[in-house]
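# Structure assessment
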Amino acid sequence: MEPVEIAAGRFQLRPWNEHDVEVVGKALADPGITRWMATPTDGDPHAWLAARTERWATGESASFAVMDAVTGEVHGHVALKNIVPRWRTGEIGYWTLESARGRGVARHGVGAVTRWAFGALDLHRVELRHAVGNAASCAVANAAGYALEGVLRDCVIGAAEPFTDVHLHARLATDT
């Protein structure tokens, strides 16, 4: 899969690159982000960035820096991951830097990547999962049109808790 950029109104989404090491380092040191990560990280921004590039190349996922369309300042991250073309499915993941929270960064990014997944990749279903206790992520899911389908009990081994209940939200290409 070739990396692409996505215009999203006041935000621009672009693939991560080696120039983003400082902002990724800040994110990986932020307990407000790492607390909710399903896969714990060792905090190495270089390794995190290299993994994003590798996953683009394999078609496993597409990761985007969400930045201000005017200033170019990076505010967050949105990824379409666990892409299975045969089943036409994928999963959305995201985070927002502390300085940009509450400004619609995640909602805009999730919406833009979802439209791209349905249009450019011809996916039929995109899932969004978050810890039940993560009210901000639930608000993003709802605002981006992801219907709550249920609770997955003790399903994620995360950074903050060994197991946690998770909300499963999803959108279908046929949803309006």
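Quick caveat, the model's predicted, so the values are computed rather than measured.

We now examine the overall build of the protein chain. Broken down by element type, the protein chain carries 5 helices and 8 strands. Counting from the amino terminus, the protein chain carries its helices and strands in the arrangement β-β-α-α-α-β-β-β-α-β-α-β-β. Its C-alpha radius of gyration of 15 Å places the protein chain within 12% of the 16 Å reference for a compact globule of 176 residues. Judged by the C-alpha coordinates and their principal axes, the protein chain covers about 40 × 35 × 30 Å. A burial count over the protein chain gives 48% of its 176 residues as buried. A separation threshold of at least 6 residues defines the contact pool for the protein chain, and within that pool the share at least 24 residues apart is 59%. Within the protein chain, the 21 negative side-chain charges are centred at a point lying 6 Å from the centre of the 17 positive side-chain charges.

Tallied over the entire structure, the rule returns 8 salt bridges. Glu-91 serves as the salt-bridge partner of Arg-129, at 4.0 Å between the closest nitrogen and oxygen. Of this pair, Arg-129 sits in strand β6 (residues 125-131) while Glu-91 sits in strand β5 (residues 89-96), and the two are 38 residues apart along the sequence. On the accessibility criterion, Glu-91 (13% relative accessible area) is buried. Here Glu-127 and Arg-125 are joined by a salt bridge, their closest N and O atoms 3.0 Å apart. When salt bridges with common partners are traced through the structure, they connect Glu-91, Arg-125, Glu-127, Arg-129 and Glu-149 into a single cluster.

Checked against the element boundaries, His-130 lands in strand β6. Here the side chain of His-130 touches His-169 through a polar contact of 3.0 Å, side chain to side chain. For His-130, the residues in contact, after removing those within four places along its chain, are Ser-137, Cys-138, Asp-165, Val-166, His-167 and His-169.

Attention now goes to the sheet that holds strand β2 (residues 11-15). Taken together, the 8 strands give an open sheet; going across it, the order is β1-β2-β3-β4-β5-β6-β8-β7, and neighbouring strands pair in mixed fashion. At either margin of the open sheet sits one strand with a lone partner, and together these are β1 (6-8) and β7 (147-156). Strand-to-strand twist across the sheet, computed as the mean angle between neighbouring axes with direction ignored, equals 30°. Alignment of strand β4 (residues 74-84) against β5, held across 7 bridges, turns out to be antiparallel. Paired with Leu-80 across the strands is Ile-92, a residue of β5. The sheet contacts of helix α3 (residues 45-58) involve β2, β3 (62-68), β4 and β5, and relative to β3 the element is tilted by about 120°.

Rules used throughout
Residues numbered from 1 in each chain as written. Predicted model: local features only at pLDDT ≥ 70, side-chain atom pairs only at ≥ 80, totals over all residues. Heavy atoms only, no water. Helix = DSSP H or I, 4+ residues; strand = E, 2+ residues; numbered from the N terminus. Rg over C-alpha atoms; globule rule 2.2 N^0.38 Å. Buried < 20%, exposed > 50% of the residue type's maximum accessible area, 1.4 Å probe, protein only. Contact = heavy atoms within 4.5 Å. Lys, Arg positive; Asp, Glu negative; His and termini not counted. Charge placed at Lys NZ, Arg CZ, Asp CG, Glu CD. Salt bridge = Lys/Arg side-chain N within 4 Å of Asp/Glu carboxyl O. Polar contact = N/O pair within 3.5 Å; in protein donor to acceptor, adjacent residues only side chain to side chain. Pairing = 2+ DSSP bridges. Axes fitted to C-alpha atoms, helices over the stretch in contact; angles between N-to-C directions.

Function cannot be read off these values alone, since they describe shape.
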